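Coordinate inspection notes
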Amino acid sequence: MNFYWPSLIGVFLGFAFGVGCALAVMYSIYMGGYRAAVRDSQLPAPPERYTKALEKNSANS
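Procedures and definitions
Residues numbered from 1 in each chain as written. Predicted model: local features only at pLDDT ≥ 70, side-chain atom pairs only at ≥ 80, totals over all residues. Heavy atoms only, no water. UniProt positions renumbered as here; feature names shortened; annotations may be inferred. Helix = DSSP H or I, 4+ residues; strand = E, 2+ residues; numbered from the N terminus. Phe/Tyr/Trp six-rings, centres within 6.5 Å; stacked < 30°, edge-to-face > 60°. Buried < 20%, exposed > 50% of the residue type's maximum accessible area, 1.4 Å probe, protein only. Salt bridge = Lys/Arg side-chain N within 4 Å of Asp/Glu carboxyl O. Polar contact = N/O pair within 3.5 Å; in protein donor to acceptor, adjacent residues only side chain to side chain.

The UniProt record marks residues 6–30 with the feature "transmembrane region" (unreviewed entry), using the residue numbering of this structure. As annotated, residues 6–30 comprises 100% helix and 0% strand, and the C-alpha atoms at either end are separated by 35 Å.

Okay, here's the thing in structure tokens:
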């Protein structure tokens, strides 16, 4: 077995699975937050956490 096959396998496992898994985790976090934001935007009254964040933001400005 020469040098090239183990290094190619290592590069594939490191980049393909490593970067792919990291992107999958970031995508799931993004989609979970996006769905929650859309759900909260459709409520008749904004959530208490949202109003507190607005008050805090306007006090800092």
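It is worth spelling out the packing of aromatic side chains at this point. Across all of its chains, the model carries two aromatic pairs by this definition. Ring geometry for F12 and F17: centres 5.6 Å apart, planes at 75°, overall edge-to-face. What makes F17 partly exposed here is its relative accessible area of 47%.

What follows deals with the pattern of salt bridges. Applying the stated criterion to the full structure yields one salt bridge. Residue K52 is joined to E48 by a salt bridge in which the shortest nitrogen-to-oxygen separation is 3.1 Å. Taken together, the residues span about one helical turn, with K52 and E48 both in helix α2 (residues 48–60) at a distance of four residues. Like K52, the residue E48 is exposed in the burial classification.

Turning our attention to the environment of S28. Along the chain, the position of S28 falls in helix α1 (residues 4–41). Taking relative accessible area as the criterion, S28 reaches 46% and is therefore assigned partly exposed. Side-chain polar atoms of S28 contact the backbone oxygen of V25, separated by 2.8 Å.

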